[in-house]
Amino acid sequence: MAALHIPRHPVVVRFTHWVNAFSFVGLLISGVAILLAHPRLYWGEVGNLNTPSLLDLPLPFMLTGQSGWGRYLHFLSAWFCILNGIVYVVSGLLVGHFTGALPYNTLQRRTYFTVIFFLFPLMIWTGFAMSPAITSVFPGLVTVFGGTQSARTIHFFAGAALVTFLIGHVTMVSLAGFRDQIRAMITARPL
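Read on for an overview of the structure. (Residues numbered from 1 in each chain as written. Predicted model: local features only at pLDDT ≥ 70, side-chain atom pairs only at ≥ 80, totals over all residues. Heavy atoms only, no water.)

**Observations regarding the overall build of the protein chain**
Phase 1: A count of helices and strands for the protein chain gives seven helices and two strands.
Phase 2: Walking the protein chain from its N terminus toward its C terminus, one meets helices and strands in the order α-β-β-α-α-α-α-α-α.
Phase 3: Taken along its principal axes, the extent of the C-alpha atoms in the protein chain is 75 × 35 × 30 Å.
Phase 4: Burial statistics for the protein chain: of 191 residues in total, 32% are counted as buried.
Phase 5: The contacts in the protein chain between residues at least 6 apart in sequence include a share of 66% that link residues at least 24 apart. (Helix = DSSP H or I, 4+ residues; strand = E, 2+ residues; numbered from the N terminus. Buried < 20%, exposed > 50% of the residue type's maximum accessible area, 1.4 Å probe, protein only. Contact = heavy atoms within 4.5 Å.)

Encoded structure:
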């Protein structure tokens, strides 16, 4: 008798998971490149070598202009992440993915909700707040943070929180059986 095939994750969840994973890698690599161009954090509107920093990160300055490709990749990856996130959230709301019986414990659910509904929106908001083109039309996006450099500092710490989540996520997947978990996220075969 053939076993009943019940998908563990719907196709939209699996597709958006992998698009997000690849766009997040692009954001991480490009974010580090951008940060290396000026590894100092400030609060307020102004931040440069002539102003005191809030925090000097223990990274080398790479002022040779390598942040151009980093900014381009960051911008491109961010739009993939945003559009993909919209598909994931709208789909999840329509099918009850967020209110249904997710196969996670309470801590996992709260962590995922924090990442999906707080950290990612905060990253998007602070990212927009650093864009002169966007803030020229919507200045309130940056004034609420007290300036572009404040938005950059918040963006950095929210990004660090997302990297911490990623490390925890991959660790939990590994502890639960990496091959089986990856197979379930690719093929939807139950564990």
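**Notes on the nonpolar core**
Phase 1: The biggest cluster of nonpolar side chains holds 14 residues, and the ones touching the most others in it are V115, L119, F120, A129, F145, A158 and L162.
Phase 2: Looking at this core, the elements that each hand over two or more residues are helix 1 (11-37), helix 3 (106-129) and helix 6 (148-175).
Phase 3: Element by element, the count of residues in this core is highest for helix 3, at six residues.
Phase 4: Excluding anything up to four places from it in sequence, V115 contacts F120, P121, L162 and F165. (Core = buried A, V, L, I, M, F, W, Y, C linked by side-chain atoms within 4.5 Å.)

**Some remarks on the packing of helix 3 against helix 6**
Phase 1: Contact geometry of helix 3 with helix 6 gives a least axis separation of 9 Å together with a crossing angle of 150°. Between helix 3 and helix 6, the interaxial angle falls into the category roughly antiparallel. Handedness of the helix 3/helix 6 crossing: left-handed. Contacts between helix 3 and helix 6 involve T111, Y112, V115, L119, F120, L122, M123, T126, G127 and A129 on the former and, on the latter, T148, A151, I154, H155, A158, G159, A161, L162, F165 and H169.
Phase 2: Classifying every residue of the contact of helix 3 with helix 6 gives 13 nonpolar, seven polar and no charged. (Axes fitted to C-alpha atoms, helices over the stretch in contact; angles between N-to-C directions. Parallel < 35°, antiparallel > 145°, perpendicular 65-115°, else oblique. Left-handed = near helix turned anticlockwise from the far one by under 90°. Nonpolar A, V, L, I, M, F, W, Y, C, P; charged D, E, K, R; others polar.)

**Quick notes on the side chain of R152**
Phase 1: Relative to the elements of secondary structure, R152 occurs in helix 6.
Phase 2: Apart from the residues within four sequence positions on either side, R152 is in contact with L35, H38, R40, L41 and M130.

**A few points about a nonpolar patch on the surface**
Phase 1: Judged by side-chain polarity, F75, W79, L83, I86, V90, L94 and V95 come together as a nonpolar surface patch covering roughly 750 Å² of accessible area.
Phase 2: Within the secondary structure, W79 sits in helix 2 (residues 67-95).
Phase 3: With relative accessibility at 33%, the residue W79 sits in the partly exposed group. (Patch = residues over 30% accessible without salt bridge, like charges linked within 9 Å, V, L, I, M, F, W, Y side chains within 5 Å. Areas by Shrake-Rupley, 256 points an atom, 1.4 Å probe, with all protein chains shown as cover. Salt bridge = Lys/Arg side-chain N within 4 Å of Asp/Glu carboxyl O.)

**Things to note about helix 7 (residues 178-187)**
Structural remark: α-helix, 3.6 residues per turn; residues separated by three or four positions point the same way.
Phase 1: When we look at burial in helix 7, the residues that qualify are Q181, A184 and M185. Taken down its axis, helix 7 places every buried residue within 95° of arc, on the same side.
Phase 2: A188 lies just past helix 7 and shows a positive phi near 70°. (Arc of directions from axis to C-beta.)

Just geometry here; none of it tells us what the structure is for.
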